[in-house]
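Residue-level structure breakdown
Given next are the chains, with one letter for each unit.
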Amino acid sequence: MRKVLHGFGIFACIAVVLALCLFLVLHDGQGCCGRVQKKQMNESQSVGRSCNLFEGSWVYDDTYPLYDTFSSCPFVEKEFDCQKNGRPDSRYLKFRWKPDACALPRFDGTDMLRRLKGKKILFVGDSLSLNQWQSLTCMLHSAVPKTNYTLTRKGDLSTFSLSEYEVSVMISRNAFLVDLMKTKTGGSTVLKLDSIENGNAWKGYDMFIFNTWHWWLHKGSKQPWDYIVSGGKVLKDMDRLAAFREGLTTWSKWVDSNVDAKTTQVFFQGISPSHYNGKEWNETDSATCSGQTRPISGSTYPGGSPPAKTVVNQVLAKMSSPVTLLDITLLSQLRKDGHPSLYGFGGKMGNDCSHWCLSGVLKNYKANETQIGGSCDLFDGSWVYDETYPLYDTSSCPFIDREFDCQKNGRPDKQYLKYRWKPKGCTLPRFNGQELLRRLKGKKILFVGDSLSYNQWQSLICMLHSAVPKAKYTSSSKGSFYSFLLPEYEVSVMFSRNKFLVDLVQTKQGMVLKLDSIEGGNLWKGYDMLIFNTWHWWLHTGRDQPWNYIESGGKIIKDMDRLAAFKEGLTTWSKWVDSNAGNTKVFFQGISPTHYNAKAWGGQMSANCIGQNQPYNSSIYPEGTPPAATVVHDVLNRMSKPVTLLDITLLSQLRKDGHPSLYGIDGKKGNDCSHWCLAGVPDTWNELFYAIVTNQS
């Protein structure tokens, strides 16, 4: 919900502050961040009067965004829907505003609607006001998605109403607040700094949120007026900051004269910054918001406070009516990554560094699906020694293939079996096979992928069998299809070996990998749960490469960039899921890493997984995220079907000790730093799977 803080954060942050102010005003009559009046600095203290909500920094939070525009907000304007417009990165969606001295409460749309029951709220301002209005309506709609709403526009007034809650949220487009009028003679347009006749349309509301600034700077063809009226004089132009001050002062007098503070709450949005000049944040002056992917770290903006903000503070301080300043300037300045840039209304022919993106579709695959209680990223943590591990004895699991049974193959050490994954923000629930079987009763589960998927499938059936060792089971295989059935629990767990997900077919020319075809997908229908995986085979060359040609975009080619081929094939898979998965719950395993080069974790290049007997002791892997994991995130981000990502990459990167190495299928003639010993790391993948399934249930 607070999601559209957008730039991810910006406007969601405003919405959270707005909600907090409402709580204080409606609950106990207090104000919040600033009855700017003469008490602006003190009254911008909120949350128990001890915290300035607008002093802080942006922190990464994997629970964001809190809604997605694709499924939760059908009325976002194209100019703000950056993900739908093709923005390739998604990290900018994952930041939360953190005040220095307190915790900003999480947005609760249902509670806000309850407090606003019977109220009429009016935003008045330019397209930045529209940006915030759309953010708030999205956040409210996503909080009560099954509630009927109406959305209408008449002239410059748009109205969003939730009749069940008797709440109306409107926006009146007004770039200057003061009057912009056509003259009776000559047809010229005049900006009248001392007149607000249009203010008559603002009466009768319970709450106002005003905004103006950006249009005061426009010149040339973008300037909407021919003349300015200032102090009774008609001018061709004047200092724009002085004009802004005069116009804002006229607005302040209108508020003082027309708004009853006992019945109407007034907010001012503050100055939303632009990011067209990189010198402001210590980059070159040719740099802009284009290509920026993360906020400025810290709580200070190198370019300082804009003069317009000073004008706002000074004008509001002289008012007799209490006005709450949503002082969003600094927090927005720090979000150089939050603009549409090339993914706004003008597309790649323009560069919008003024407006802000509204939330994208990440929620579909990760925002909520991997959380325990909505507050913990299960995949961010470290390995801790735990004497109660492993979860089962391989000697009691008759299904383990020799290639994964490291102890049976003579591995002499056992410490690698004794590690448990510990997320930073919560406790990963211990795997309970009987509980999982109860929740999965009557379900058919299918793993589809390569030998890493097989690795996880064998781990899961061992974990289930060890939980109910006396239960009858059947285990069978036919070709590349494997089945494990527990009739007493009516649970079937199958595995279909498929290295690429897309089709690999025999033709007259030889074996062809068809990146745009999934005829094999017909075998995946009719299941309650699908767990997919692919990656390792995309890298194979020479004798290990199972195809002779690639078909890409209708062309048969000898080879191509493997990462690009992977992305194209995975995109084809994603379209299959969107079109065919229906009510089936879909997971993607994520990218399982290899450990053939110790330079990846700060060791010697000649070293590998052989002889490693403990994890890399950190929650950060020196080599960073593999490009294939980025491809997975990007593809899943664009899907309409919710897919849960088992984001096992980092936690597996830290387990350089977990591979068969010399104790796999080839023994000491080979060195397997790709697959994983069982018991071992894949058991943790299934613990995470268990945590997500039980949490969702």
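Fair warning: this is a prediction, and the values are worked out from it, not measured in the lab.

This part takes up the overall build of the chain. Per the secondary structure count, the chain includes 13 helices and 28 strands. The proportion of buried residues among the 697 residues of the chain is 58%. In the chain, the proportion of contacts linking residues at least 24 apart, taken out of those at least 6 apart, comes to 76%. Summed over its atoms, the accessible surface of the chain is roughly 29,000 Å², and 49% of this surface lies on carbon and sulfur atoms.

In the structure shown here, the tally under the stated rule is 15 salt bridges. The partner of Arg335 in a salt bridge is Asp337, and the shortest N-O contact between them spans 2.8 Å. The pair Arg335 / Asp337 is uniform in exposure class, with both members buried. One salt bridge connects Arg420 with Asp386, and the closest N-O pair in it is separated by 2.7 Å. Of this pair, Arg420 sits in strand 17 (residues 419–423) while Asp386 sits in the loop between strand 16 (381–385) and strand 17, and the two are 34 residues apart along the sequence. Note on Arg420: relative accessible area 24%, which makes it partly exposed. A relative accessible area of 13% means that Asp386 is categorised as buried.

All right, on to the packing of aromatic side chains then. By the definition in use, this model includes 38 aromatic pairs. Here Trp524 and Phe532 contribute two aromatic rings whose centre-to-centre distance is 5.1 Å and whose plane-to-plane angle is 65°, an arrangement assigned as edge-to-face. By relative accessible area, which is 3% here, Trp524 ends up buried. Relative accessible area serves as the criterion here: at 0%, Phe532 is assigned to the buried category. Over the ring of Tyr92 we find Arg87; its NZ or CZ atom is 3.6 Å from the centre of that ring.

Residues Leu378, Trp457 and Val493 are the most contacted members of the largest nonpolar core, which totals 64 residues. Apart from the residues within four sequence positions on either side, Trp457 is in contact with Phe447, Tyr482, Ser483, Phe484, Val493, Met494 and Phe495. With 44 residues, the next largest nonpolar core counts Tyr67, Phe107, Phe160 and Leu326 among its residues.

Turning to the environment of Trp535, a few remarks are in order. Here Trp535 shows up in the loop between strand 24 (529–532) and strand 25 (549–552). Counting along the chain gives 58 residues from Trp535 to Pro593, while the straight-line C-alpha distance between them is 9.8 Å. Leaving out residues up to four positions away in the same chain, Trp535 has contacts with Asp450, Leu563, Phe566, Ile591 and Ala628.

Turning next to unusual backbone geometry. The omega torsion across Tyr389 and Pro390 is 5°, close enough to zero to call that bond cis. Counting through the fold element by element, Pro390 comes out in the loop between strand 16 and strand 17. For the bond from Leu678 to Ala679, the omega torsion is -5°, close enough to zero to count as cis. On the secondary structure map, Ala679 appears in the loop between helix 12 (649–653) and helix 13 (681–696). Its identity is not glycine, yet Glu166 carries a phi of approximately 55°, on the positive side. Along the polypeptide, Glu166 turns up in the loop between strand 7 (157–162) and strand 8 (167–173). Phi angles above zero are rare outside glycine, and Leu501 is one such case at about 70°. Locating Leu501 in the fold gives a position in the loop between strand 21 (491–497) and strand 22 (503–507). With relative accessibility at 1%, the residue Leu501 sits in the buried group.

On to the state of the cysteines. Using the criterion set out here, one finds six disulfides in the structure. Covalent S-S linkage joins Cys397 and Cys462, the inter-sulfur distance amounting to 1.8 Å. One quick way to see it: the torsion about the S-S bond of Cys397 and Cys462 is about -85°, and its sign makes the bridge left-handed. Of the two residues, Cys397 sits in the loop between strand 16 and strand 17 while Cys462 sits in helix 9 (residues 451–467), which places them 65 residues apart along the sequence. Cys397 gets classed as buried once you look at its relative accessible area, which sits at 5%. One disulfide in the model links Cys406 with Cys677; its S-S distance is 2.0 Å.

With that out of the way, let us pick up the sheet that holds strand 7. Here we have seven strands laid out as an open sheet, ordered 6-7-8-5-11-14-15, and mixed in their pairing. The open sheet is flanked by strand 6 (150–154) and strand 15 (324–325), the only strands paired with a single partner. Here strand 14 (residues 265–268) runs beside strand 15; their pairing, made up of two bridges, is parallel. Its bridge partner lying in strand 15, Phe267 is registered against Thr324. Across the face of the sheet, helix 4 (residues 127–143) comes into contact with strand 5 (120–125), strand 6, strand 7, strand 8 and strand 11 (207–210) while running at roughly 160° to strand 8. Across the sheet, helix 5 (residues 240–258) touches strand 11 and strand 14, and the angle it forms with strand 14 is around 170°.

Turning to the environment of Val59, a few remarks are in order. Examined against the element boundaries, Val59 turns out to sit in strand 3 (residues 56–60). Along the sequence, Val59 and Phe95 sit 36 residues apart, while their C-alpha atoms lie 5.4 Å from each other.

With that settled, the discussion passes to the confidence of the model for the chain. Taken over all residues, the pLDDT of the chain has a mean of 87, while the share at 70 or more is 89%. This model gives residues 23–48 a pLDDT under 50, and the stretch forms 71 contacts once residues within four places in sequence are excluded.

As a further point, take the pairing of strand 11. Burial along strand 11 is two-sided: Met207 and Ile209 facing one way and Phe208 and Phe210 facing the other are all buried. Bridge count between strand 5 and strand 11: four bridges; the pairing is parallel. By the bridge assignment, Leu122 is partnered in strand 11 with Phe208. Relative to strand 14, strand 11 is paired through four bridges, and the arrangement is parallel. Paired with Met207 across the strands is Gln265, a residue of strand 14.

In strand 24, alternate side chains face the same way, and those of Met529 and Ile531 on one face and Leu530 and Phe532 on the other are all buried. Pairing geometry for strand 18 (residues 444–449) and strand 24, over four bridges, is parallel. Directly across from Leu446, in strand 24, lies its bridge partner Leu530. Relative to strand 27 (residues 585–588), strand 24 runs parallel, the two being bridged by four bridges.

On to the sheet that holds strand 13 (residues 233–235). Strand order across the open sheet formed by four strands is 9-10-12-13, with mixed pairing between neighbours. Of all strands in the sheet, those bounded by a partner on one side alone are strand 9 (179–182) and strand 13. Direction aside, neighbouring strands of the sheet carry axes that sit 30° apart on average. For strand 12 (residues 227–230) and strand 13, the ladder comprises three bridges, and the chain directions are antiparallel.

Procedures and definitions
- Residues numbered from 1 in each chain as written.
- Predicted model: local features only at pLDDT ≥ 70, side-chain atom pairs only at ≥ 80, totals over all residues.
- Heavy atoms only, no water.
- Helix = DSSP H or I, 4+ residues; strand = E, 2+ residues; numbered from the N terminus.
- Buried < 20%, exposed > 50% of the residue type's maximum accessible area, 1.4 Å probe, protein only.
- Contact = heavy atoms within 4.5 Å.
- Areas by Shrake-Rupley, 256 points an atom, 1.4 Å probe, with all protein chains shown as cover.
- Salt bridge = Lys/Arg side-chain N within 4 Å of Asp/Glu carboxyl O.
- Phe/Tyr/Trp six-rings, centres within 6.5 Å; stacked < 30°, edge-to-face > 60°.
- Lys NZ or Arg CZ within 6 Å of the ring centre and 35° of its normal.
- Core = buried A, V, L, I, M, F, W, Y, C linked by side-chain atoms within 4.5 Å.
- Disulfide = S-S within 2.5 Å.
- Pairing = 2+ DSSP bridges.
- Axes fitted to C-alpha atoms, helices over the stretch in contact; angles between N-to-C directions.
- pLDDT = per-residue confidence, 0-100.

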